[in-house]
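Geometric and topological summary
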Amino acid sequence: MRYAAFAEAVTLVALVCIATPLKRLADVPAATAILGPIHGAMFLFFVWIVIRSWAEGLVNGPGAGRLLVGAMIPFGGFINERWLRRQFAPETG
């Protein structure tokens, strides 16, 4: 789930910070035409992973909600990945 959160975050940031400015400022619509579907697929994959993890009891309802909301905010996916790393870190001690 951490890798899916990270991949979703990278594609969203690339879409918002690279592809959209290229489309709007440099008149390069191919940037969003390529990166948009890639991000869409990663987002749907991440949503599927979160729902499946919730159904299996790996995350609770508020945790699943947090992950889904974070996936919709630029750079939120990186916060999700860090949260997941702490949630599933092996206990030491």
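Quick caveat: nothing in here was measured; it's all calculated off a predicted structure.

1. Quick word on the overall build of the protein
Within the protein, the secondary structure is distributed over 4 helices and 0 strands. The principal-axis extent of the C-alpha atoms belonging to the protein is close to 55 × 25 × 15 Å. When burial is assessed residue by residue, the protein has 33% of its 93 residues classed as buried. Counting only carbon and sulfur atoms, one obtains 68% of the accessible surface of the protein, whose full area is about 5900 Å². Treating the 8 positive side-chain charges of the protein as one cloud and the 5 negative ones as another, the clouds have centres 4 Å apart.

2. Considering the confidence of the model for the protein
Of the residues in the protein, 98% reach a pLDDT of 70 or more, and the chain-wide mean stands at 93. When pLDDT is averaged over each helix and strand of the protein, the minimum, 92, is found for helix 4 (residues 76-87) and the maximum, 96, for helix 2 (residues 30-55).

3. Some words on a nonpolar patch on the surface
Taken together, the side chains of Ile18, Leu22 and Val28 present a nonpolar region at the surface, about 230 Å² in accessible area. Along the polypeptide, Val28 turns up in the loop between helix 1 (2-25) and helix 2. On the basis of relative accessible area, Val28 is assigned to the partly exposed category, the value being 32%.

4. Remarks on unusual backbone geometry
The backbone of Asp27 sits at a positive phi, close to 55°, despite the residue not being glycine. On the secondary structure map, Asp27 appears in the loop between helix 1 and helix 2. Among the residues examined, Asp27 registers a relative accessible area of 65% and is labelled exposed. A positive phi is found at Phe75, a non-glycine position, where the angle reads about 70°.

5. Overview of helix 3 (residues 61-71)
Three or more residues of helix 3 are buried, namely Gly63, Ala64, Leu67, Gly70 and Ala71. One side of helix 3 carries all its buried residues, which in axial view fall inside an arc of 130°. Where helix 3 begins, the capping side chain belongs to Asn60, and its oxygen is found 2.8 Å from the backbone nitrogen of Gly63.

6. Side note on the pattern of salt bridges
Summed over the entire model, instances satisfying the criterion amount to 3 salt bridges. In this structure, the salt-bridge partner of Arg2 is Glu81, at a minimum N-O distance of 2.8 Å. Of this pair, Arg2 sits in helix 1 while Glu81 sits in helix 4, placing them 79 residues apart in sequence. Between Glu56 and Arg52 there is a salt bridge, and its shortest N-O distance comes to 3.1 Å. Note on Arg52: relative accessible area 43%, which makes it partly exposed.

Thresholds, definitions, all that
Residues numbered from 1 in each chain as written. Predicted model: local features only at pLDDT ≥ 70, side-chain atom pairs only at ≥ 80, totals over all residues. Heavy atoms only, no water. Helix = DSSP H or I, 4+ residues; strand = E, 2+ residues; numbered from the N terminus. Buried < 20%, exposed > 50% of the residue type's maximum accessible area, 1.4 Å probe, protein only. Areas by Shrake-Rupley, 256 points an atom, 1.4 Å probe, with all protein chains shown as cover. Lys, Arg positive; Asp, Glu negative; His and termini not counted. Charge placed at Lys NZ, Arg CZ, Asp CG, Glu CD. pLDDT = per-residue confidence, 0-100. Patch = residues over 30% accessible without salt bridge, like charges linked within 9 Å, V, L, I, M, F, W, Y side chains within 5 Å. Salt bridge = Lys/Arg side-chain N within 4 Å of Asp/Glu carboxyl O. Arc of directions from axis to C-beta. Polar contact = N/O pair within 3.5 Å; in protein donor to acceptor, adjacent residues only side chain to side chain.

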